[in-house]
Amino acid sequence: MPLVVLCGRPGSGKSRRASELQAALGGPERRAHVVAEAEGGRAALRAEVERRLSRRDVVIVDAGNELRSIRYELYCAARQAGTARCLLHCAGGPGRPDEPPFEAPDPQNRWDRPLFTVHGEEPLPLDAIRAALFDSAPPPPHRATRTQPLQSSSFLHQLDRVTQEVLGAVMDAQRSGAQPGETVRVPGVAEGLVLSRPVSMAELSRLRRQFISYTKMQPRDENLPQLAGMFLQYLSRSIQ
């Protein structure tokens, strides 16, 4: 259930720290999932985090999260789920000339606390992190973090149409004899979907509803051309 958000510049050791946290926080009583940055941008990252959040497991976000707005979105996801969270700042890193600007976390901001900072090879403050995640009461959701009504009816129409087309292509491919391991193609979309097993229409419809729910929280017109690719990536991660 708890959420650990990592932030820091490139090369600051975030992935190594995520692995340490996964080993320290996971166990027989709970699993620890690491969600890393991938194609699809912020919407895909948030959708994957929300899909993984549960009442038992720990979700660790291994990403730069360099902007305050990104960290605020993840804070809202945790609050909406009613789960505890914390932020781990991996300080340092060599940096790159083309790296995005990094807005350092500020514990005065509610979405940047509780905040833990580690430098170099400094050991993780695991006792304090465990206390923040497992011994503190999660903040209740409030109106500001609930899903807001979608403002653009055209966005919703496009989202509905594109996801229906993807589901239709997947079902058509299976009816035509597509086998596990083969790539399912959707006309006009560069990405493909490799099915690891047969998938029923009921399961696909459930995943479609989840994706629509997540995407409606960020109805941005600039995402329209990528909707089909984002949905295929979401299906790929969800069908295991």
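About the cut-offs
- Residues numbered from 1 in each chain as written.
- Predicted model: local features only at pLDDT ≥ 70, side-chain atom pairs only at ≥ 80, totals over all residues.
- Heavy atoms only, no water.
- Phe/Tyr/Trp six-rings, centres within 6.5 Å; stacked < 30°, edge-to-face > 60°.
- Helix = DSSP H or I, 4+ residues; strand = E, 2+ residues; numbered from the N terminus.
- Lys NZ or Arg CZ within 6 Å of the ring centre and 35° of its normal.
- Pairing = 2+ DSSP bridges.
- Axes fitted to C-alpha atoms, helices over the stretch in contact; angles between N-to-C directions.
- Parallel < 35°, antiparallel > 145°, perpendicular 65-115°, else oblique.
- Left-handed = near helix turned anticlockwise from the far one by under 90°.
- Contact = heavy atoms within 4.5 Å.
- Nonpolar A, V, L, I, M, F, W, Y, C, P; charged D, E, K, R; others polar.
- Core = buried A, V, L, I, M, F, W, Y, C linked by side-chain atoms within 4.5 Å.
- Buried < 20%, exposed > 50% of the residue type's maximum accessible area, 1.4 Å probe, protein only.
- Salt bridge = Lys/Arg side-chain N within 4 Å of Asp/Glu carboxyl O.

As enumerated under the stated definition, the model contains four aromatic pairs in all. With a centroid separation of 5.3 Å and 85° between ring planes, the pair formed by Tyr72 and Trp111 is classed as edge-to-face. Here Trp111 lies in the loop between β4 (85-91) and β5 (115-119) and Tyr72 lies in helix α3 (residues 68-81), a separation of 39 residues in the sequence. Three or more aromatic residues joined by ring pairs form one cluster here, namely Tyr72, Tyr75 and Trp111. A cation over an aromatic ring shows up here: Arg30 above the ring of Phe134, its NZ or CZ 4.1 Å from the ring centre.

This next bit is on the sheet that holds β4. Read from one edge to the other, the open sheet built from five strands follows the order β2-β3-β1-β4-β5, with strand pairing classed as parallel. Each edge of the sheet is formed by a strand with only one pairing partner; in this case those strands are β2 (32-36) and β5. Strand-to-strand, the axes of this sheet are offset by a mean angle of 20°, without reference to chain direction. Of the strand pairs in this sheet, β2 and strand β3 (residues 58-62) are connected by five bridges, and their pairing is parallel. Note that in β3 the partner of Val34 across the bridge is Ile60.

A word on the packing of helix α1 (residues 14-25) against helix α4 (residues 126-134). Between α1 and α4, whose axes approach to 12 Å, the crossing angle comes to 65°. It follows from the interaxial angle that α1 and α4 lie roughly perpendicular. When you trace α1 past α4, the crossing you get is right-handed. Note on element contacts: α4 touches α1 through Leu126, Ile129, Arg130, Leu133 and Phe134, opposite Leu21, Ala24 and Leu25. A class-by-class count of the residues in the contact of α1 with α4 yields seven nonpolar, no polar and one charged.

With that settled, the discussion passes to the nonpolar core. For soluble globular proteins, nonpolar side chains are generally found buried alongside one another. Ranked by size, the top nonpolar core spans 30 residues in total, and within it Val166, Leu204 and Leu235 carry the most contacts. Secondary-structure elements contributing two or more residues to this core are α2 (41-52), α5 (153-175), α6 (201-216) and α7 (227-238). In terms of residue count, α5 provides more of this core than any other element does, nine residues in total. If we skip the residues at most four places from it in the chain, Leu235 touches Val166, Leu193, Leu204 and Leu207. Judged by nonpolar contacts, the second largest core, of 17 residues, contains Leu25, Leu124, Ala132 and Leu133.

Another aspect to go through is the pattern of salt bridges. By the definition in use, this model includes 14 salt bridges. We note a salt bridge from Glu20 to Arg16, for which the minimum N-O separation is 3.2 Å. One end of the pair, Glu20, and the other, Arg16, are both in helix α1, four residues apart, so they sit about a helical turn from each other. Where Glu48 meets Arg52, a salt bridge forms, and the shortest distance between an N and an O atom there is 3.3 Å.

Relative to the elements of secondary structure, Pro123 occurs in the loop between β5 and α4. Overall, Pro123 belongs to the exposed group, its relative accessible area being 63%. For the pair Pro123 and Arg17, spaced 106 residues apart in the sequence, the C-alpha separation amounts to 9.5 Å. Apart from the residues lying within four places of it in its own chain, the contact partners of Pro123 are Arg17 and Val118.

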